[in-house]
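Okay, here's what each chain looks like letter by letter:
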Amino acid sequence: MQTATIALPDPSATARLGRALGEHARRGDCLLLEGDLGAGKTSLAQGLAAGLGITESVTSPTFTLLNEYAGRLRLAHTDLYRLTALEIASMGLAETWLEPRGVCVIEWPERLAAARGELDPEELLHLRLVQDGEGRRAELVRAEGRGAAWWAEATVDFRG
Ligand SMILES: Nc1ncnc2c1ncn2[C@@H]1O[C@H](COP(=O)(O)OP(=O)(O)O)[C@@H](O)[C@H]1O
Ligand SMILES: [Mg+2]
């Protein structure tokens, strides 16, 4: 049975869930991160980077196409919020993220619909962050194959 929801009462919980995802990430894993502005997507990506052993500070990629970081595995972090469909199509997602394969985090994956066929759905973990009182919760949107295993490992770890 997959965990459908994780309560994240404060920013440290978001960081901790991200760290668990980073620690259990394998080459080729890809996290799609939905949620309104301020939902905590970049915060979760920062925790994930820490879990990959990345010491460089991870900043919001809203004004850049793609940020890359070196850790235990390479992390590619993007935020598609302000990009047009044409810009997204010209990013070369498959070449950049899948060859050579690292771990990717994509904020605003709703904008990816047209390009989604480029990414292997077997690898995807699709989450949504939602405001919940003063805190947030992480909801599982979709995970199959490796994405489901990644989520299971991270949530077991998160719960301690
Ligand atoms: N679980 C949480 N509870 C309360 N605030 C949170 C939580 N997780 C993150 N935040 C805060 O939400 C704000 C926005 O986070 P950010 O990661 O930039 O959002 P997004 O990338 O979704 O726009 C930050 O101030 C962050 O500390
Ligand atoms: Mg963000």
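Just above, that's the structure.
Each residue is numbered by its place in its chain's sequence as written, counting from 1. The order in which chains are written sets their letters, starting at A; the order in which ligands are written sets their numbers, starting at 1. Given that this is a predicted model, residues contribute local features only at a pLDDT of at least 70 and side-chain atom pairs are listed and counted only at 80 or more, while totals for whole chains, interfaces and linings are drawn from all residues.

**Q** Report on the sheet that holds strand β7 (residues 135–143), specifying residues and quantitative values.
**A** Pairing within the open sheet is mixed, and its seven strands lie in the order β1-β7-β6-β2-β5-β4-β3. The open sheet terminates on both sides in strands that have one partner only, identified here as β1 (5–8) and β3 (67–69). Adjacent strand axes in the sheet meet at a mean angle of 20°, parallel and antiparallel pairs treated alike. The pairing criterion is simple: DSSP has to find at least two bridges between the two strands. The secondary structure listing takes helices from DSSP runs of H or I that are at least 4 residues long and strands from runs of E that are at least 2 residues long, numbered from the N terminus. Here four bridges tie strand β2 (residues 30–34) to strand β5 (residues 103–107), and the two strands are oriented parallel to one another. Each bridged residue has a counterpart across the sheet, and for Cys30 the counterpart in β5 is Cys104. Sheet contacts for helix α2 (residues 41–51): β2, β3, β4 (75–79), β5 and β6 (124–132); angle to β5, the most-contacted strand, approximately 170°. The axes are straight lines fitted to the C-alpha atoms, using for helices just the contacting stretch, and the angles between their N-to-C directions are given from 0 to 180°. Note on contacts: each residue gets a C-beta atom placed from the backbone, and two residues are in contact if those atoms are within 7 Å.

**Q** Describe in detail helix α5 (residues 145–159), supporting the description with residues and values.
**A** To estimate the expected span of a helix, subtract one from its residue number and multiply by 1.5 Å. Taking 1.5 Å as the rise per residue, α5 with 15 residues should run 21 Å; its terminal C-alpha atoms sit 22 Å apart, in good agreement. Around each residue's C-beta, the other C-beta atoms within 10 Å are counted; 20 or more make the residue buried, 12 or fewer make it exposed, and counts in between make it partly exposed. All C-beta atoms are placed from the backbone. Residues of α5 that are buried: Gly147, Trp150, Trp151 and Ala154. Along the axis of α5, the buried positions cluster into a sector of 95°, meaning they face one direction only. Facing away from the buried side of α5 by over 90 degrees, the exposed positions are Val156 and Arg159. Turning to α5, the residues buried within the fold contact α1 (11–24), β6 and β7. Gly160 sits one or two positions beyond α5 and adopts a positive phi of about 75°. Along the arc lie the directions from the helix axis toward the C-beta atoms.

**Q** Help me get a handle on the nonpolar core, residues and values and all.
**A** A general trend in soluble globular proteins is that nonpolar side chains are found buried together. Ranked by internal contacts, the top residues of the largest apolar core, which has 38 residues, are Leu17, Leu31, Leu33, Ala49, Leu75 and Val105. Sequence-distant contacts of Leu17, that is, excluding residues within four places in its chain, are made with Ile6, Leu8, Leu44, Gly47, Ala138, Ala154 and Phe158. Linking buried Ala, Val, Leu, Ile, Met, Phe, Trp, Tyr and Cys residues through C-beta atoms within 7 Å yields a set, and such a set is a nonpolar core.

**Q** I'd like a description of the site of ligand 1, backed by residues and values.
**A** For each residue, a C-beta atom is placed from the backbone, and the residue is labelled near a molecule or strand when this atom is within 6 Å of it. In the neighbourhood of ligand 1, 15 residues make up the surrounding shell, with Thr14, Gly40, Lys41, Thr42 and Ser43 lying closest. For the shell around ligand 1, the secondary-structure elements that each account for two or more residues are α1, α2 and β7. For the shell around ligand 1, the residue count by class is five nonpolar, seven polar and three charged. Each residue gets one label: Ala, Val, Leu, Ile, Met, Phe, Trp, Tyr, Cys and Pro are nonpolar, Asp, Glu, Lys and Arg are charged, and the others, such as Gly, are polar.

**Q** Any chance you could break down the environment of Ala85 for me, citing the residues and the numbers?
**A** Here Ala85 is to be found in helix α3 (residues 85–89). The class of Ala85 is partly exposed, set by 13 C-beta atoms lying within 10 Å. Once the C-alpha coordinates of Ala85 and Leu112 are considered, the two residues, 27 residues apart in sequence, prove to be 7.9 Å apart.

**Q** Summarise the packing of α1 against α2; cite the residues concerned and give the values.
**A** Running from N to C, α1 and α2 point in directions that differ by 45°, and their axes come no closer than 6 Å. Considering the angle they form, α1 stands oblique to α2. Crossing of α1 against α2: the hand is right-handed. Touching Pro11, Thr14, Ala15, Arg16, Leu17, Gly18, Arg19, Ala20, Leu21, Gly22 and Glu23 of α1 are Ser43, Leu44, Ala45, Gln46, Gly47, Leu48, Ala49, Ala50 and Gly51, all from α2. Taken together, the residues that form the contact of α1 with α2 break down as ten nonpolar, seven polar and three charged. Throughout this description, any angle smaller than 35 degrees is read as roughly parallel, any larger than 145 degrees as roughly antiparallel, any in the 65 to 115 degree range as roughly perpendicular, and the remainder as oblique. Take the far helix as your reference; a near helix turned counterclockwise from it by less than a right angle gives a left-handed crossing, and one turned clockwise gives a right-handed crossing.

**Q** Before we move on, could you go through α2 and cite the residues and values that matter?
**A** By the criterion of burial, α2 is predominantly enclosed, with ten of the eleven residues buried. Inspection of α2 places Lys41, Thr42, Ser43, Leu44, Ala45, Gln46, Gly47, Leu48, Ala49 and Gly51 among the buried residues, and these make up the whole buried set. With its phi angle positive at about 80°, Gly53 sits one or two positions after the end of α2.

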